[in-house]
Every structure is written in C-alpha cells, then in structure tokens.
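Summary of the model geometry
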Amino acid sequence: METLIKQKIKEIKKGDQAAFEDVVSFYQHKVYQICFRMIGNAHEAEDLAQEAFIRAYTNIDRFDERRKFSTWLYRIATNLTIDRIRKKKPDYFLDAEVKGTEGLNMYSQLAADQALPEEEVESLELQTYIHKEILALPPKYRSVIVLRFLDELSLQEIAEVLEIPVGTVKTRIHRGRETLRKRLRHV
Amino acid sequence: MNCKEEAIALMHKYLDDDLTQPEEKKLRLHLQSCSECQAHFHELKRTISLVKSSSAVSAPENFIADVMSNLPQQKKRNHYIRWFRNHPFSTAAAVFFLMMFGGVFSAWTEDQQVTVSKQENLVIQNQVVIVPEDVTVDGDLVVRNGDLRIDGAVNGDVTIINGDILEKKRVQDSPLDGEKYMAYVSGEVNEVNQVFEWMWYHVKETLEGVFALGNR
C-alpha cells in the first residue's frame with residue numbers, strides 16, 4: 001500500500017490534483033478517527049480532518065518521500081487537533097460530556113434502524129462511556145492513547161508523529177493507561 | 001518485590017512488548033504470589049481491550065468530495081515555484097534575458113524624438129530627415145523615430161530605427177532607378193521598425209562589437 005501511496009504522491013507533486021483523491025480515500029477514516037477521539041465531537045472532527053488533508057496537499061512539497069506518508073499526515077492531524085484543544089475555552093470541559101456523545105449517537109443512529117437487542121444498547125452505552133473517559137484524559141495522554149490503541153501505531157511511529165522521544169511516549173502511555181484503569185475498573 | 005514501583009513498571013513494559021525474558025520470569029513469579037498485583041494486571045489488560053473494543057469511527061460519506069472541493073486552486077503557482085527551484089540555471093538565464101530585453105525595450109519606448117547621428121547639412125522636416133541633393137554624408141547614418149529621404153548620397157551604412165526610407169515616386173517607377181537610388185548609399189541599408197528587429201539590431205550590434213574587439 002505504501003508503494004501505491006508513494007506513486008500517488010509523485011503524481012500530486014507533478015500537479016495532478018485528482019491523484020489526491022485516492023490518498024484521501026485511503027486515509028480518511030484513520031485521520032477522522034484521530035481527530036474525533038481527541039476532540040470529542042463529530043462536527044469539529046470533520047472540520048479538523050478536512051483541514052489536515054488540505055494542509056497535507058498544500059505542503060506536499062515539504063513531504064520527504066523517504067519517510068512514511070501516514071506518519072507525516074497523522075502529525076498534521078494531531079498538531080491541528082492539539083492546537084484546537086488548547087484554543088478552546090476552559091468551559092468546554094464542562095460540556096465535553098454532552099458534546100462527546102454527539103458523534104457516537106449520530107453514529108449509532110445509522111445502524112439503529114432495526115430495534116437493537118439489549119446487549120447492543122448496553123455495549124453502545126459502554127462505548128460512549130469509554131469514549132468520554134478517553135476525552136477526560138489530559139491532551140498529551142489522550143493523543144498517545146488514541147494513536148496506540150485505536151490506530152494501533154507502534155511506539156516508534158507515535159514518537160515520530162508527536163515528535164517526542166520514545167521514552168516520553170512510553171511514560172505517557174503508562175500514565176494514561178493507569179488513569180484509564182482507575183476509571184474503567186468498575187465497568 | 002516492591003509492588004507499587006517495580007511490579008507495575010514491569011506490567012507496563014510487558015504491555016509495550018518491551019519485557020526481557022528474565023524480567024518476564026520475575027513478573028510471572030511475582031504475580032503468582034501477589035493477588036493485589038494480579039488484580040492490577042488484570043485491570044490494565046481489560047482497560048486496553050475495552051479501549052480497543054470501542055468501534056472504529058468512519059469519516060462522513062461526503063468527506064472525500066468535501067476535501068477535494070476545498071483544495072486550493074493555486075496549484076499552478078506552486079508548480080512554477082517548484083520548477084524554478086528545480087532548475088536554477090534556467091531560472092538565472094530567464095531572469096538575465098528578461099532584464100536584458102527589458103532594458104532594450106525601455107530604450108525603445110524611451111524617446112520618440114527624431115534623432116540623427118550626423119546633423120551637418122541635413123534637413124529635418126516633419127519627422128523626415130532629408131539628405132539634400134548636393135550633400136554627401138561621409139560615414140554611417142543612423143536615424144531614430146523618423147523617416148529618411150535621400151536626395152543626395154551617403155558614403156556608408158544607413159540605419160533607420162522606427163521609420164521608413166522615403167523614396168521619390170520616380171525612383172520607384174523602374175528597377176533601374178531603384179539601382180540608381182541604391183547607388184547613393186554605398187553601404188547597407190537597415191530599417192528597424194518592430195521591437196523584435198530593434199532587439200535583433202541590438203544583439204547584432206553587441207556581437208559585432210564583441211567580434212571587433214576580438215579582431216583587434
């Protein structure tokens with residue numbers, strides 16, 4: 001897949017805008033997922049993910065083709081999202097829970113045409129709860145947890161995406177994991 | 001083993017796939033004897049599977065189209081910039097030619113007044129420079145921004161920039177008279193009317209200058 005993406009990037013660098021469509025198509029869900037899990041609501045996640053792709057496109061010349069494109073793209077997405085979280089007013093955290101559920105509710109409605117069996121409703125509630133607990137983490141722990149367990153990146157890749165040493169990634173994962181453990185132990 | 005520090009650190013190392021074999025053995029032995037750490041370890045593993053179990057979210061259906069329609073159109077400009085960056089020599093040459101021709105061009109548009117290289121005995125009337133019948137110009141004659149009528153004779157080249165050679169009607173009547181007219185000018189006759197010719201003229205003159213220097 002990486003080779004196909006590399007080919008597409010060469011075409012984009014030559015000025016073929018249409019080649020970018022395949023890149024968006026391939027990475028859209030991953031990028032959206034990172035933004036959504038970190039920012040917490042569907043509307044803003046869409047906005048951020050779009051912005052990330054547009055920035056990747058306009059700065060494609062700066063992308064070093066010897067590197068992994070996904071790492072570079074995720075870095076743009078996480079940086080944008082972390083910036084957005086920082087700029088948010090503190091009062092955001094008060095209604096974070098309400099906002100945080102938006103995405104999942106909207107999401108669940110798509111599949112909710114048939115009446116849901118009870119256990120699925122339960123698991124949906126559980127998922128919403130987990131989502132909220134991830135969002136409750138401080139941003140620096142949230143980003144590593146999202147990248148590690150939802151996007152399943154290696155520690156090394158996370159270090160490259162966030163531009164921090166691997167040791168720091170580990171420390172943050174440990175702390176984030178401990179915090180989540182305390183929150184989720186009774187589930 | 002200190003549960004709070006060492007054991008928990010080992011658990012995280014285990015979860016990161018960072019554990020060496022002796023460490024793994026140490027952790028396993030400890031877990032067998034310490035129920036508290038067992039519980040802790042279990043909770044950690046469960047936490048991870050819970051986080052992982054939260055279903056993957058997908059981007060909205062219209063996402064690709066939205067991104068594509070919001071892409072900037074300035075791609076062309078970037079393209080040129082990239083080209084310039086990749087071809088520094090061509091860029092330098094292009095800039096050089098631009099400035100050179102720019103200089104020549106501004107010299108072309110600069111003055112619209114009639115100027116003649118040799119003023120003696122010549123008559124200037126309504127933008128027409130006349131070499132009277134009884135006058136012979138020795139050397140080259142250059143006329144700018146005006147027409148030239150030669151009734152007399154020129155011993156040398158004639159260059160007319162932004163003007164025409166006016167010929168008497170009778171001169172044009174027969175080819176023989178044409179020859180006669182040519183006889184008045186012993187050298188070449190150049191007319192420069194277009195900017196392009198003007199440039200060509202400049203280039204030629206410069207080159208001639210260069211070669212003349214070389215021949216010396």
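What you see is a predicted model, and the numbers here were worked out from it, not measured in a lab.

Further remarks concern the overall build of chain B. Helices and strands together make up the secondary structure of chain B, namely 9 helices and 10 strands. With 216 residues in all, chain B has 31% of them scored as buried. Here the analysis covers contacts within chain B between residues at least 6 apart in sequence; of these, 41% occur between residues at least 24 apart. When the accessible surface of chain B is summed, it comes to about 14,000 Å², and 55% of that surface belongs to carbon and sulfur atoms.

With respect to the helices and strands, the residue His40 of chain B is situated in helix α3 (residues 35-53). Among the polar contacts made by the side chain of His40 of chain B, one reaches the side chain of Glu178 of chain A at a distance of 2.8 Å. The residues touching His40 of chain B, leaving out its near neighbours within four places in the chain, are Glu178 and Arg181 of chain A together with Ile8 and Met11 of chain B.

Moving on: the packing of aromatic side chains. Given two aromatic rings, one states the distance between the centres and the angle between the planes to describe the pair. What the rule picks out here adds up to 13 aromatic pairs over all chains. Arranged with centres 5.8 Å apart and planes meeting at 45°, the rings of Phe69 of chain A and Trp72 of chain A form a pair that is tilted. With Phe69 of chain A and Trp72 of chain A both in helix α4 (residues 69-87) and 3 residues apart, the pair spans about one turn of that helix. Using a relative accessible area of 14% as the deciding quantity, one classes Trp72 of chain A as buried. Plain terms: the ring middles of Phe97 of chain B and Phe101 of chain B are 5.9 Å apart, the flat faces sit at 25° to each other, and that makes the pair stacked.

Before going further, it helps to spend a moment on the sheet that holds strand β9 (residues 165-166) of chain B. Consider a sheet: its strands pair through backbone hydrogen bonds, and that pairing is either parallel or antiparallel. Pairing is mixed in the open sheet, where 4 strands are placed in the order β2-β3-β6-β9 (chain B). Strands at the two margins of the open sheet, each flanked by one partner only, are β2 (123-125) and β9 of chain B.

Another aspect to go through is the pattern of salt bridges. Pairs can form between side chains of opposite charge once their charged atoms are near each other. Residue and element names in this part refer to chain B. A complete count under the given rule lists 18 salt bridges over all chains for this structure. A salt bridge links Glu23 to Lys13; its shortest N-O distance comes to 3.0 Å. Of this pair, Glu23 sits in helix α2 (residues 21-33) while Lys13 is found in helix α1 (residues 3-15), placing the two residues 10 residues apart along the sequence. The salt bridge partner of Arg28 is Glu24, with a shortest N-O separation of 3.8 Å. A residue pair is termed a helical-turn pair when its members lie 3 or 4 positions apart in one helix, as Arg28 and Glu24 do in helix α2 at 4 residues. Assessed through its relative accessible area of 46%, Arg28 is described here as partly exposed.

For the rest of this paragraph, the subject is the pairing of strand β8 (residues 158-161) of chain B. Residue and element names in this part refer to chain B. A two-sided burial pattern is seen for β8, the buried positions comprising Val158 and Ile160 on one face and Thr159 and Ile161 on the other. Sheet topology places strand β5 (residues 141-144) next to β8; 4 bridges connect them, and they run parallel. Considered in β8, the bridge of Leu141 is made with Val158. Pairing of β8 with strand β10 (residues 189-192), which is carried by 4 bridges, proceeds in the parallel orientation. Considered in β10, the bridge of Ile160 is made with Glu191.

Our next topic: the confidence of the model for chain B. In regions of low pLDDT, the predicted coordinates are not meant to be interpreted in detail. Residues and elements named next belong to chain B. Per-residue pLDDT for chain B has a mean of 77; in total, 79% of the residues score no lower than 70. Of all the helices and strands in chain B, helix α7 (residues 169-173) carries the lowest mean pLDDT, 42, while helix α4 (residues 63-69) carries the highest, 91. This stretch, residues 169-183, has a pLDDT under 50; its non-local contacts, to residues over four places away or in other chains, come to 8 contacts.

Turning our eyes to something else, we now look at the sheet that holds β8 of chain B. Within the open sheet, the 4 strands sit side by side as β1-β5-β8-β10 (chain B). Their pairing is mixed. Unpaired on one side and paired on the other, β1 (115-116) and β10 of chain B mark the two borders of the sheet.

So, about the nonpolar core. By size, the foremost hydrophobic cluster in this structure holds 78 residues, and its most contacted members are Phe20, Tyr27, Val31, Phe53 and Phe69 of chain A together with Met11 of chain B. Element by element, the count of residues in this core is highest for helix α2 (residues 19-39) of chain A, at 12 residues. Excluding residues that lie within four positions of it along the chain, Tyr27 of chain A makes contacts with Glu2, Ile5, Phe53, Phe69, Ser70, Leu73 and Tyr74 of chain A.

Criteria and cut-off values
- Residues numbered from 1 in each chain as written.
- Chains lettered and ligands numbered in written order.
- Predicted model: local features only at pLDDT ≥ 70, side-chain atom pairs only at ≥ 80, totals over all residues.
- Heavy atoms only, no water.
- Helix = DSSP H or I, 4+ residues; strand = E, 2+ residues; numbered from the N terminus.
- Buried < 20%, exposed > 50% of the residue type's maximum accessible area, 1.4 Å probe, protein only.
- Contact = heavy atoms within 4.5 Å.
- Areas by Shrake-Rupley, 256 points an atom, 1.4 Å probe, with all protein chains shown as cover.
- Polar contact = N/O pair within 3.5 Å; in protein donor to acceptor, adjacent residues only side chain to side chain.
- Phe/Tyr/Trp six-rings, centres within 6.5 Å; stacked < 30°, edge-to-face > 60°.
- Pairing = 2+ DSSP bridges.
- Salt bridge = Lys/Arg side-chain N within 4 Å of Asp/Glu carboxyl O.
- pLDDT = per-residue confidence, 0-100.
- Core = buried A, V, L, I, M, F, W, Y, C linked by side-chain atoms within 4.5 Å.

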